[in-house]
Amino acid sequence: MAKNIQSIRGMHDILPDATPAWQYFEKTVRTLLNGYGYSEIRMPIVEQTDLFKRAVGEVTDIVEKEMYTLESRQDTEGGEAFGMALRPEGTAGCVRAGIQAGLIFNQQQRLWYAGPMFRAERPQKGRYRQFTQVGVETFAIAGPDIDAELIAMGARLWKQLGLTNIHLELNSLGTLEARQAYRELLVEYFSAHHELLDEDSKRRLLTNPLRILDTKNPAMRDLVAAAPNLHEHLDSESAEHFAQLQNLLDGMGIPYRINPRLVRGLDYYSRTVFEWVTDALGSQGTVCAGGRYDGLVEQLGGRPTPACGFAMGVERLILLMEAQGIQTPSAAPDVFLIMAGDAALRAGMAIAEQLRDAIPGLNLVSNCGGGNFKTQMKRADKSNAHFALILGENEVQRAEIGLKPLRGSGEQINLPISQLVEQLPLLMAAAQQQ
Ligand code: ATP
Ligand code: MG
């Protein structure tokens, strides 16, 4: 026998047992985003590699180590060959699409997207090679009001999902110019302590010194703690923006913790950055992260346009829902239709379609694949349906159908088939009330 082919490590199936939680999550998010006036955008999963190099930054973990690139192929129309990559994140593609379609020219936009992202990381709980993000991006809104709105949306989503123990970490990185000046201070400081740096940090000192602050190496903790504080070097406008954001959050009653070491792994951020973190998922505790990226649109060839957004990791949030025992509504069928015998099958399949025509939203599962009455009854039980509809040769001859409640008490009754369309919704409603 041929050897089974397995899925790729870090890339998972979401099996039928798990999809109700995903659908519940997706529906809740979609309704919430809609309620704040955000529109969905869908981008390709593959983009030119250069897009991510330019947007995310050449010396970030994502671009240096984590990106899946594809062999480039000559366009059949004879266009230029270019490198392609599976998207590691959504912001770059969203900005590219916005510029390309003229969506962020002289107008505000509030956009969201959802879908798979790909990063070649070491797989572990809450960290995968294919994972799902819901991302939200806003354009041409410069003030802290939109930063605050994005944070409020996160807080509301956790509340609606029933999630607890997620707290907000907040920081400001200042403008790109202010950060440049701070960067020089950092380089000076870390160079003076060069012997204490680990290999990664030595490399970052030359390429991206701010990322040293983000190190996960405990041996560097003291050194990092004593580094110059970004907040003492914020430009005055960024400081004002940050103060106003805090004021708005206070007004909405959203708690936060200011964390001056929060720098985020991507190059494109400026001013506000934030993370929603839980301690219930071990070291993969960040469930949502975002911030302001006022320079990115211009960097990708658009007009200078302020922007702010976030992305959440859906797998981590689903893990948290599980860990916190959050029940998701199940999609059990209303009715399972049993059809024993050829005449019953012929009549039953027609009745099923009539019921679907007449009762909007009806969830009806028909027995397929034959089987005697007992086998079909077992399938009906296993389906978790509220009712079994039962058609055998006798019922067909009498133009009747049996209706048996499968949960709780209640006896089987027989109805004339002609009354089914009228009676079934009433019986379903009565069963709901119990
Ligand atoms: P981390 O520090 O955990 O690697 P990150 O800073 O690389 O996260 P972002 O690029 O900000 O993550 O992505 C936003 C969110 O997407 C993260 O907060 C996380 O919830 C989720 N995420 C990122 N990478 C992965 C992954 N490999 N597997 C699952 N979820 C992920
Ligand atoms: Mg990462």
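I will try to describe carefully the structure that is included in this document. (Residues numbered from 1 in each chain as written. Chains lettered and ligands numbered in written order. Predicted model: local features only at pLDDT ≥ 70, side-chain atom pairs only at ≥ 80, totals over all residues. Heavy atoms only, no water.)

Summing up its helical and strand segments, the chain has 15 helices and 16 strands in all. The globule rule puts the C-alpha radius of gyration for 434 residues at 22 Å, and the 28 Å found for the chain is more than 25% above it. Taking the principal axes of its C-alpha atoms as reference, the chain extends roughly 95 × 55 × 45 Å. Counting all 434 residues of the chain, 47% fall into the buried class. For the chain, the share of sequence-separated contacts (at least 6 apart) that also reach a separation of at least 24 residues comes to 70%. For the chain, the accessible surface area stands at approximately 22300 Å², while carbon and sulfur atoms represent 50% of it. Side chains of the chain carry 43 positive and 52 negative charges; the gap between the two charge centres is 5 Å. (Helix = DSSP H or I, 4+ residues; strand = E, 2+ residues; numbered from the N terminus. Rg over C-alpha atoms; globule rule 2.2 N^0.38 Å. Buried < 20%, exposed > 50% of the residue type's maximum accessible area, 1.4 Å probe, protein only. Contact = heavy atoms within 4.5 Å. Areas by Shrake-Rupley, 256 points an atom, 1.4 Å probe, with all protein chains shown as cover. Lys, Arg positive; Asp, Glu negative; His and termini not counted. Charge placed at Lys NZ, Arg CZ, Asp CG, Glu CD.)

Nonpolar side chains in soluble globular proteins tend to be buried together. Core analysis: the biggest nonpolar cluster contains 89 residues, and Phe25, Trp158, Phe190, Trp276 and Met312 have the highest contact counts within it. At nine residues, the largest contribution of residues to this core is made by helix α5 (residues 144-161). What Phe190 contacts, discounting residues up to four positions off in sequence, is Leu197, Leu205, Ile212, Leu213, Leu223, Val224 and Ala227. By size, the runner-up hydrophobic cluster in this structure holds 19 residues, among which are Leu362, Leu389, Leu391 and Met428. (Core = buried A, V, L, I, M, F, W, Y, C linked by side-chain atoms within 4.5 Å.)

As a structural note, the neighbourhood of ligand 1 is formed by 17 residues, with Arg119, Glu121, Arg127, Arg264 and Thr286 the closest of them. Interatomic distance of 3.0 Å between a side-chain N/O atom of Gln133 and an oxygen atom of ligand 1. The fraction of the free accessible surface of ligand 1 (580 Å²) that becomes covered by protein chains is 90%. At the level of secondary structure, the elements contributing two or more residues to the shell around ligand 1 comprise β6 (130-139), β10 (286-292) and β11 (307-313). Considering each element in turn, the shell around ligand 1 owes the most residues, four residues, to β10. A per-class count over the shell around ligand 1 returns seven nonpolar, four polar and six charged. (Near = heavy atom within 4 Å. Polar contact = N/O pair within 3.5 Å; in protein donor to acceptor, adjacent residues only side chain to side chain. Nonpolar A, V, L, I, M, F, W, Y, C, P; charged D, E, K, R; others polar.)

On to the packing of aromatic side chains. Enumeration over the complete set of coordinates arrives at four aromatic pairs. Plain terms: the ring middles of Phe139 and Tyr293 are 6.3 Å apart, the flat faces sit at 85° to each other, and that makes the pair edge-to-face. Of this pair, Phe139 sits in strand β6 while Tyr293 sits in the loop between β10 and α10 (296-299), placing them 154 residues apart in sequence. In this pair, the class of Phe139 matches that of Tyr293, namely buried. Centroid distance Tyr189 to Phe190: 5.1 Å. Interplanar angle 70°. Geometry classified as edge-to-face. For the pair Tyr189 and Phe190, a shared accessibility class is recorded, and that class is buried. (Phe/Tyr/Trp six-rings, centres within 6.5 Å; stacked < 30°, edge-to-face > 60°.)

Along the chain, Glu400 turns up in strand β15 (residues 400-405). On the basis of relative accessible area, Glu400 is assigned to the partly exposed category, the value being 22%. Spatially, the C-alpha atoms of Glu400 and Gln419 are 9.2 Å apart, while their sequence positions differ by 19 residues. Those residues within four positions of Glu400 in sequence are excluded, and the remaining contacts are Leu391, Glu395, Asn414, Leu415, Pro416 and Ile417.

Quick look at the pairing of strand β12 (residues 335-339) now. Most of β12 sits out of view: five of its five residues are buried. Residues Val335, Leu337 and Met339 point to one face of β12 and Phe336 and Ile338 to the other, with burial holding for every one of them. Note that β12 and strand β13 (residues 364-366) share three bridges and pair parallel. Directly across from Phe336, in β13, lies its bridge partner Val365. This β-α-β element, β12 to helix α12 (residues 342-358) to β13, shows right-handed connectivity. Two elements, β12 and strand β14 (residues 387-391), share five bridges in a ladder whose sense is parallel. (Pairing = 2+ DSSP bridges. Right-handed = clockwise from strand over helix to strand, strands pointing away.)

None of this, on its own, says anything about what the molecule does.
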